[in-house]
Protein chains: 2
Amino acid sequence: MKWGELEDEPCSMARTIGVIGDRWTLLILRECFLRTRRFEGFQSSLGITRHLLAERLKKLVRQGVLRRIPYQDSPKRHEYILTQKGLDLYPIMMAIVHWGDTHMVDARGRPLLHQHRKCGKDFDPVMVCSECGEPLLAKEIHTHPGPGARRTPAPEKPKAKRETRAKTKAHRSAA
Amino acid sequence: MKWGELEDEPCSMARTIGVIGDRWTLLILRECFLRTRRFEGFQSSLGITRHLLAERLKKLVRQGVLRRIPYQDSPKRHEYILTQKGLDLYPIMMAIVHWGDTHMVDARGRPLLHQHRKCGKDFDPVMVCSECGEPLLAKEIHTHPGPGARRTPAPEKPKAKRETRAKTKAHRSAA
DNA sequence: TCTTACAGTTCTAAAACCGAACTGTCAATT
DNA sequence: AATTGACAGTTCGGTTTTAGAACTGTAAGA
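This report concerns the structure included in the present document. Small disclaimer: the values here were computed from a predicted structure and weren't measured.

What counts, and where the lines are drawn
- Residues numbered from 1 in each chain as written.
- Chains lettered and ligands numbered in written order.
- Predicted model: local features only at pLDDT ≥ 70, side-chain atom pairs only at ≥ 80, totals over all residues.
- Heavy atoms only, no water.
- Near = heavy atom within 4 Å.
- Polar contact = N/O pair within 3.5 Å; in protein donor to acceptor, adjacent residues only side chain to side chain.
- Helix = DSSP H or I, 4+ residues; strand = E, 2+ residues; numbered from the N terminus.
- Phe/Tyr/Trp six-rings, centres within 6.5 Å; stacked < 30°, edge-to-face > 60°.
- Buried < 20%, exposed > 50% of the residue type's maximum accessible area, 1.4 Å probe, protein only.
- Lys NZ or Arg CZ within 6 Å of the ring centre and 35° of its normal.
- Axes fitted to C-alpha atoms, helices over the stretch in contact; angles between N-to-C directions.
- Parallel < 35°, antiparallel > 145°, perpendicular 65-115°, else oblique.
- Left-handed = near helix turned anticlockwise from the far one by under 90°.
- Contact = heavy atoms within 4.5 Å.

### Structural notes on the protein's contact with DNA strand D
- Around DNA strand D sit 25 residues, and of these Arg 23 and Arg 56 of chain A together with Tyr 71, Arg 77 and Tyr 80 of chain B come closest.
- Put simply, 67% of the atoms of DNA strand D that lie within 4 Å of the protein are in sugar or phosphate.
- A distance of 2.7 Å separates a phosphate oxygen of DNA strand D from a polar atom in the side chain of Tyr 71 of chain B.
- Elements with a contribution of two residues or more to the surface near DNA strand D: α2 (23-33) and α4 (50-62) of chain A together with α3 (39-46), α4 (50-62), β1 (66-73) and β2 (76-82) of chain B.

In structure tokens form, the structure reads like this:
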């Protein structure tokens with residue numbers, strides 16, 4: 001599977017990964033949310049090579065995550081700002097940061113704190129159910145095919161094929 | 001910056017990206033949440049090369065995201081299951097899927113729906129503030145350095161240095 | 001005129017990835 | 001006893017991506 005093919009997969013996650021699923025893109029986006037807008041700004045704060053930065057920015061613009069806006073035209077210069085589609089990536093960023101805050105901090109503690117203007121407090125992001133408002137636990141979610149699912153889960157070979165998984169021989173008695 | 005160095009950055013996002021920030025790792029994790037546990041299972045559903053799969057699984061185990069558990073010992077065989085640290089990645093996965101559902105679906109609609117066992121309904125994940133429970137908007141969040149921040153934002157050169165950003169010459173009058 | 005800021009582009013070497021074949025253990029067949 | 005198949009990797013040659021550093025071009029300021 002090549003990078004370009006991800007966008008065509010019948011999976012929202014694969015498609016999203018096709019857009020933001022590489023290290024530099026995620027880091028560039030972080031900078032965007034921290035208000036960086038210009039080429040030099042990204043380059044110097046990330047240490048990304050100029051070549052790759054130019055490529056990634058182009059890709060993000062193509063995909064509608066960033067918009068390239070002129071801010072002067074003596075020598076034509078542009079800055080990159082998040083579109084609504086880009087701003088909507090915020091929950092992903094917060095979820096990533098929060099996991100890092102929980103599992104990857106050293107003894108010194110969190111590098112960055114987040115304050116919610118609405119209530120004035122430093123907060124953690126919590127993911128809840130849009131229907132009942134309860135926090136989501138992986139165990140309590142059941143996934144099922146939607147209208148855009150693949151045509152068939154492909155039974156492929158009608159030949160034996162033990163079964164999908166489990167039981168294969170996990171039922172052995174002694175050790 | 002090399003892959004290995006990301007973990008040492010004073011940024012929870014960079015550190016997290018060091019763990020899960022590549023295309024295959026994210027896809028492998030998706031499979032984990034969909035209950036895949038074994039090498040062949042990952043390989044056949046993802047189409048990843050066996051070489052890379054072996055590497056990624058090793059890395060995830062090293063990082064404590066997966067645990068490698070023997071399920072038989074005739075020929076020693078193991079399966080990979082999510083640790084608590086791994087399960088905690090769930091909000092990231094959901095946020096990614098949700099963005100894809102919102103911005104990357106074709107006319108047919110979502111490939112997958114998610115049902116919340118607690119309330120029985122198909123839902124969308126919503127990220128809210130842990131303190132006041134309100135949904136988080138990027139505009140309403142202010143970030144500030146925490147205890148684990150970098151020693152100094154490095155003033156570097158005391159020489160002129162116009163200013164950080166903006167105004168540079170954005171104040172031109174006509175077009 | 002010389003230097004600096006800014007936004008890229010070009011080029012070579014190094015690292016990562018792909019595809020396909022190969023290794024090794026054991027169970028079930030032939 | 002030899003063969004086949006499932007499973008979990010490992011090895012290897014060739015292709016892509018990245019890294020690193022230098023170069024291009026416009027315009028303002030000293």
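Following the structure, the description resumes.
### So, the packing of aromatic side chains
- Tallied over the entire structure, the rule returns two aromatic pairs over all chains.
- Between Phe 33 of chain A and Tyr 90 of chain A the ring centres are 5.2 Å apart and the planes differ by 50°, which places this aromatic pair in the tilted class. Residue Phe 33 of chain A is located in helix α2, and its partner Tyr 90 of chain A is located in helix α6 (residues 90-103); the two are separated by 57 residues in the primary sequence. Considered together, Phe 33 of chain A and Tyr 90 of chain A belong to a single accessibility category, that of buried residues.
- One cation-aromatic arrangement involves Arg 38 of chain B over Tyr 71 of chain B; the distance from NZ or CZ to the ring centre is 3.6 Å.

### Observations concerning the packing of helix α3 (residues 39-46) of chain A against α4 of chain A
Residue and element names in this part refer to chain A.
- Direction vectors running N to C along α3 and α4 enclose 125°, while the axes themselves pass 10 Å from each other. Judged by the inter-axis angle, α3 sits oblique to α4. At the point where α3 passes α4, the crossing takes the right-handed sense. Touching Phe 39, Glu 40, Phe 42 and Gln 43 of α3 are Arg 50, Leu 53, Ala 54 and Leu 57, all from α4.

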